[in-house]
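# A closer look at the structure
These are the residues of each chain, in order.
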Amino acid sequence: MSDVAHPATAPVPAPVDEIDVSIVLPVYNEKGHLHQEIDRIRAAMDASEFSYEIIVIDDGSNDGSGEALREIEGIRLIQFLTNRGSGSARKYGTRASRGSIVVWTDVDMSYPNDLIPELVREMEGYDQVVGARTTEEGTHKAFRVPAKAFIRKLASYLVQTPIPDLNSGMRAFRKDVALQYVSQLPPGFSCVTTITLTFLAHGYTVKYWPITYSTRAGTSKFHWASDTRRYLLQVIRMTLSFDPFRVFLPIGFFLLFLGTGKLIYDVIDNNWKVAINTLLIFLASFQVFVVGMLADLIGRATRATHEVQPAAGFTRDVGPTFPAGHRGRTAVDDRVA
């Protein structure tokens, strides 16, 4: 036996394309708390069982955030020379990610980023998990709360699914599913609304996981009037793209019933003389139905022919069953031969 000592074999690191989680952080003028937030995320992920990467997108910051980010080791950094919007930052960060699961969150200390590992664990059997906020700590509460409640109710009706939090900035989702639709993300804050509605509209499962929401550090970039208008328009735009009948059918039937009521009035009160405006109402109803059908046909014709399989809570795979005496050929093979 040889007494020569052999050095221990070092473990082979996993290839970079086999990372579990990619955490995408859009940054715009958040210099004062970047180190604290990134350290909080890194500490939580280091204590977890997941391999991960942190991708920071500096969205044209002009407060020194870019210089501060360059001093932080161990992060992937993409810097834009101009401000393109939160949606653009999240979009490009998602495309650059290497993990099978992508996490979106903010660096303004408002979201519980130390719970990202738990958020990822909640992904079991789901395609997306949204951190649903239990409180509202944003600015302009008197305007934001009713506006967001109305848009959330409208979105829930349009996709026929309850949505506790439509525009939470903290979420985890499957990268392979998101890449099918990432090109549809708008450049602004409504990108989070879009990714939720897109998953739901295509039959993917979305889970809402309650989280606490804290007062943000720094200055809010949200403008309640313009951004609320964008949220509302984006909800309607997404619905017209995926299920236009949810918009056109109610309007068409309303006009149809209105025209019918006006017709009955004309028959009774005007001695069977139908007014021109009654005919115009029926014509408008017909046009709305036709536009709805055309929108639906266009949506179906332009929809992707292949989509990633949704997540399943449980699967079982078994081999095929062959008749007795089977020798490796099928009945189809015999007929072809």
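The rules we used
- Residues numbered from 1 in each chain as written.
- Predicted model: local features only at pLDDT ≥ 70, side-chain atom pairs only at ≥ 80, totals over all residues.
- Heavy atoms only, no water.
- Helix = DSSP H or I, 4+ residues; strand = E, 2+ residues; numbered from the N terminus.
- Buried < 20%, exposed > 50% of the residue type's maximum accessible area, 1.4 Å probe, protein only.
- Areas by Shrake-Rupley, 256 points an atom, 1.4 Å probe, with all protein chains shown as cover.
- Pairing = 2+ DSSP bridges.
- Axes fitted to C-alpha atoms, helices over the stretch in contact; angles between N-to-C directions.
- Contact = heavy atoms within 4.5 Å.
- Patch = residues over 30% accessible without salt bridge, like charges linked within 9 Å, V, L, I, M, F, W, Y side chains within 5 Å.
- Salt bridge = Lys/Arg side-chain N within 4 Å of Asp/Glu carboxyl O.
- Phe/Tyr/Trp six-rings, centres within 6.5 Å; stacked < 30°, edge-to-face > 60°.
- Lys NZ or Arg CZ within 6 Å of the ring centre and 35° of its normal.
- pLDDT = per-residue confidence, 0-100.
- Expected span 1.5 Å × (residues − 1).
- Arc of directions from axis to C-beta.
- Core = buried A, V, L, I, M, F, W, Y, C linked by side-chain atoms within 4.5 Å.

## Here's the deal with the overall build of the protein chain
Of the regular secondary structure elements, the protein chain holds 11 helices and seven strands. By the burial criterion, 42% of the 337 residues in the protein chain qualify as buried. Of the accessible surface of the protein chain, which amounts to about 18,900 Å², a share of 60% is contributed by carbon and sulfur atoms.

## As for the sheet that holds strand β4 (residues 101-104)
Reading across from one edge, β3-β2-β1-β4-β6-β5-β7 is the order of the seven strands in this open sheet, with mixed pairing throughout. Two strands in the sheet have a free side with no partner beyond their single neighbour: β3 (76-80) and β7 (206-211). Direction aside, the axes of adjacent strands within the sheet are offset by 20° on average. Most of the contacts of helix α1 (residues 34-46) go to strand β2 (residues 52-59), to which it runs at about 160°, and overall it touches β1 (21-27) and β2. Packing of helix α3 (residues 86-96) onto the sheet brings it into contact with β1, β2, β3, β4 and β6 (171-174), and relative to β1 it is tilted by some 155°.

## Re unusual backbone geometry
For residues other than glycine, phi is negative in most cases, and the peptide bonds are mostly trans. Look at Q160: it is not a glycine, yet its phi comes out positive at around 60°. In this fold, Q160 is placed in the loop between α5 (141-159) and β6.

## Side note on a nonpolar patch on the surface
A cluster of nonpolar side chains, namely V274, I276, L279, L280, L283 and F286, defines an oily patch on the protein surface of about 600 Å² accessible area. Assessed through its relative accessible area of 48%, L279 is described here as partly exposed.

## Quick look at the packing of aromatic side chains
A complete count under the given rule lists eight aromatic pairs for this structure. Ring geometry for W104 versus F173: centroids 5.1 Å apart, planes at 90°, classification edge-to-face. Of the two residues, W104 is situated in strand β4 and F173 in strand β6; the sequence distance between them amounts to 69 residues. Here W104 matches F173 in class, with each residue buried. Measuring from ring centre to ring centre gives 5.8 Å for F199 and Y204, while their planes differ by 55°; the resulting arrangement is tilted. Take F199 and Y204: they sit in the same class, and that class is buried. Linked through ring pairs, W104, F173, Y181, F199 and Y204 together constitute an aromatic cluster. Above the ring of Y213, the side-chain terminus of R133 is found at 5.0 Å from the ring centroid.

## Looking at the confidence of the model for the protein chain
On average, residues of the protein chain score 84 in pLDDT, and 84% of them are at 70 or above. pLDDT under 50 marks residues 4-12. Its contacts with residues more than four places away, or in other chains, come to zero contacts.

## Here we look at α1
Between its first and last C-alpha, α1 extends 18 Å over 13 residues, near the 18 Å set by a 1.5 Å rise per residue. Among all positions of α1, only L34, E37, I38, I41, A44 and M45 are buried. Seen end-on, α1 carries its buried residues on one side only, within an arc spanning 130°. Turned more than 90 degrees away from the buried face of α1, the exposed residues are Q36 and D46. Here the buried face of α1 lies against β1, β2, α2 (65-70) and α4 (116-121).

## Examining the nonpolar core
W104, I163, L166, L197, F199, Y208 and V235 are the most contacted members of the largest nonpolar core, which has 33 residues in total. Listing elements by their share of this core, those giving two or more residues are β2, β4, β5 (128-133), α5, α6 (175-178), α7 (191-201), β7 and α8 (224-242). Looking at which element gives the most residues to this core, the answer is α7, with six residues. If sequence neighbours within four positions are ignored, Y208 has contacts with V130, A132, P162, I163, P164, D165, T196 and L200. With 29 residues, the next largest nonpolar core counts I54, A68, I116 and Y213 among its residues.

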